[in-house]
Amino acid sequence: MHIIQQLIFILVLASATYLLFKRIQFIRKGIKLGKPLSRSDNPSARWRSMALVAFGQKKMFKKPLPALLHLFVYVGFLVINIEVLEFIIDGIAGTHRIFAPFLGGTYTILLSFFEFLAVAVFVACAVFLIRRNIVKVARFHKPEMTAWPTLDANLILVFEILLTSAILLMNASDQVLQAKGAEHYTPTGQLFFSSFLIPLFQNSEVSTLIILERFFWWFHIIGILGFAVYVTYSKHLHIFMAFPNTYFANLKPMGQIDNMYNVTNEVKLMLGLPSETDVSESPAEVGRFGAKDVNDLTWKSLMDSFTCTECGRCTAECPANQTGKKLSPRGIMMATRDRVEEVAKSEKGLEDGKSLLGDYISKEEINACTSCNACVEACPVLIDPLSIILELRRYVSMEESGSPAAWNAMFQNIETNFAPWKFAPTDRFNWADDLKEV
Amino acid sequence: MAEMAAKGESPEILFWVGCAGSFDDRYKSVTKAFVKILNKVGVSFAVLGQEETCTGDPARRAGNEFLFQMQAMSNIQVFEGYNVKKIVTACPHCFNTLKNEYPALGGNYEVIHHSTFLQQLIDEGKVKPADGQAFKGQKITYHDSCYLGRANNVYEAPRKVLEALDIELVEMKRCKTNGLCCGAGGAQMFKDAEPGNKEINVERTEDALETGAGIIASACPFCLTMLSDGIKAKEKEEEIKVYDLAELIAQAEDL
């Protein structure tokens, strides 16, 4: 009997690992569609950013209540998963609570602490479900939150509630089995939270209890493994991606837009200035100006899209979105990820007749952006929707000459009058006329 | 600048007026106010006059990188011609572009926004706006420009300048890092808003009205325009005025 359980366990563990591995490779492939960008300078500032923002959740605390609840889930996830180590050893070796005899009283305290976290996660997820579905917090109900994103968010919360319930029920039935002197059930001492659930199991037979305890054990471990695989298909990927994403985040001032060096060479030629790079050495293919599709964006923008957990803080802060415009920074991130997945999945790749601009993101959206950086500031994991918007605008302007007419007029004014408005350059100093007399 | 160069003088700072500062009828008074302050404290400065051209900021943000770089490179050539080292400007968009984006094209200068410059003058005791008591005790709210605040982390300098007026500074519910845009950034100043149900400047004006302040202080030509328009839309021109920091200081100094 034990051997069969062990074999099944090893099979389940191996399949989960395989699926996870395949999926991680897929995501890597997706991110690698992006253009190169160097983000390895100043490692100390990068480690600090990761420690504060990802590990320390600094930016979450702009909203204290969700931050506190999220902290429970986050710490619960990190700490309760230590117990998974015991699950895996037990599962492979056919033992039961292998650490209990070694740790003695410490085991009781540790498990009671894990149980506290399980209860906290349970409560937090329940509140999150209420906020989403009953209170209906506005940012969870925007047009880009279609059926799947809404279901995805709820599924994760229900999943976590079930997983934490399984821990508590498993521990409760285990304690009853210990009291009844069932074989293999090593004493754990009285576990603080699950002991309240003991009356549920008090009157059951040992054989029934063993079935129940095994059911909860299997439910929990398969749940955890299933969760790990599911997460990679879900917006929930931020639990891993937040770390690299905050490490590789932009360290420059938010207002600074990166220079396009391929344009610099051409402009220098036009102005008759000496070019630093020898023209004969420059690559034959200049490539596209700006971005039409995901391969024109940098890998960091694509990593951003996989990191986004669709919390909508960016969209809630966006001045365009608040005033009823179509632009939603979260929508930009979701569209980018959807397109990356589509390209990485399909055999045609980028040659499927579709593109990020047009099929996923409209000009109306990108034209509504004020580049105010409120979305960048709001993101708890340092995602930068603005750089995607800018790259798309660059494509529209430089490859299609398709900017709004008023912008084309503004460009023309700058070219001819050296000011964005239609004023004669000779009038530029007129403001000083009445000062000059003094 | 050309006149000073001809005399063999090199001013301490170049005052970059910007297109709004040169052409916008309302905003020209900010330019004049700032010049009056500079003259009063006796700073050696110059302007480029007709040699100044757009930094290229709106072109870059609207996606026209070619035009931006053309502007930037010609401006850098002018700066080099006059051996410019230090630039002060009242426009956060020019400030951001000159400070953060010109270095990649070879233009490295010390660039200071006028809010920081005014704060320095106050700290050094060269400007003592509280003496005039022009605004003593008045309720003033400050609107953060995105390109000064979030983009460049300048939050305190404009507030210190206002506090030097001995006024009551009241903050809007959304301020500093959470400040709401006036709606003009990212080249929106130069086109109509996309379809929506409200204008951004009206939304922001409502934040300002909630504070009960009689004056909205701004440190950006676009914000000044957008908020003035917002106040007009709300028909509150009589009760509430929108001023730039430099105008407030100049008024307090009776310039």
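Small disclaimer: the values here were computed from a predicted structure and weren't measured.

**Q** Got a sec to walk through the nonpolar core? Specific residues and values, please.
**A** Nonpolar side chains in soluble globular proteins tend to be buried together. All names here are of chain B. Counting 82 residues, the largest nonpolar core has F79, F117, L118 and L162 as the members making the most contacts within it. If one sorts the elements of this core by residue count, helix α3 (residues 28-41) sits on top with seven residues. Per-domain counts for this core show at least three residues from each of domain 1 (2-117) and domain 2 (128-252). With residues near it in sequence (within four places) discarded, L118 still touches F34, I37, V161, L245, A246 and I249.

**Q** Quick one: what's the story with the domain arrangement of chain A, residue by residue and with numbers?
**A** Residue and element names in this part refer to chain A. Structurally, chain A comprises domain 1 (2-32 + 63-247) and domain 2 (288-417). Contacts between the two partners involve 23 residues from domain 1, matched on the other side by 28 residues from domain 2. Summed over both sides, the interface of domain 1 with domain 2 buries roughly 2,200 Å², with 59% coming from carbon and sulfur. Scanning the region where domain 1 abuts domain 2 turns up two salt bridges.

**Q** Any chance you could break down the domain arrangement of chain B for me, citing the residues and the numbers?
**A** Residue and element names in this part refer to chain B. You can read the domains of chain B as domain 1 (2-117) and domain 2 (128-252). Contacts between domain 1 and domain 2 engage 24 residues on the former and 27 residues on the latter. At the boundary of domain 1 with domain 2, total buried surface from both sides reaches about 1,900 Å², with 70% on carbon and sulfur atoms. On the domain 1 side of the contact with domain 2, R26, H93 and S115 bury the most area, a combined 27% of that side's loss. The tally of links from domain 1 across to domain 2 stands at one salt bridge. Summed over the shared surface of domain 1 and domain 2, the result is eight residue pairs in polar contact (both at pLDDT 80 or more). Only α3, α4 (57-61), α6 (92-101) and α7 (114-123) provide two or more residues apiece to the side of domain 1 that touches domain 2. No other element matches α6, which puts six residues into the side of domain 1 that touches domain 2. Here the side of domain 1 that touches domain 2 is composed, by residue class, of twelve nonpolar, eight polar and four charged.

So, how was this worked out
- Position labels on residues start from 1 in each chain and follow its written sequence.
- Chains carry letters from A onward and ligands carry numbers from 1 onward, assigned in written order.
- Only residues with pLDDT of 70 or above have their local features reported here, since the model is predicted, and side-chain atom pairs are shown and tallied only from 80 upward, although totals for entire chains, interfaces and linings are computed over all residues.
- As a rule here, side-chain values cover all heavy atoms of the structure and leave hydrogens and water aside.
- Buried Ala, Val, Leu, Ile, Met, Phe, Trp, Tyr and Cys residues form a nonpolar core when they are joined through side-chain atoms within 4.5 Å.
- Think of it in three bands: with a 1.4 Å probe and only protein chains considered, a residue is buried below 20% of the maximum accessible area for its type, exposed above 50%, and partly exposed in between.
- Secondary structure counts use DSSP, requiring at least four H or I residues in a row for a helix and at least two E residues in a row for a strand, with both numbered from the N terminus.
- Marked domain ranges trace back to an automatic or database domain assignment.
- Pairs of residues are marked as contacts when any of their non-hydrogen atoms sit within 4.5 Å.
- Simply put, the buried area is the total loss of 1.4 Å probe accessible area from both parts when two parts are fitted together.
- By definition, a salt bridge exists where a carboxyl oxygen of Asp or Glu is found within 4 Å of a side-chain nitrogen of Lys or Arg.
- Think of a polar contact as two N or O atoms within 3.5 Å of one another; within protein, one of them needs to be a possible hydrogen donor and the other a possible acceptor, and neighboring residues in sequence only count if both atoms come from side chains.
- Put simply, Ala, Val, Leu, Ile, Met, Phe, Trp, Tyr, Cys and Pro go in the nonpolar bin, Asp, Glu, Lys and Arg in the charged bin, and everything else, Gly too, in the polar bin.

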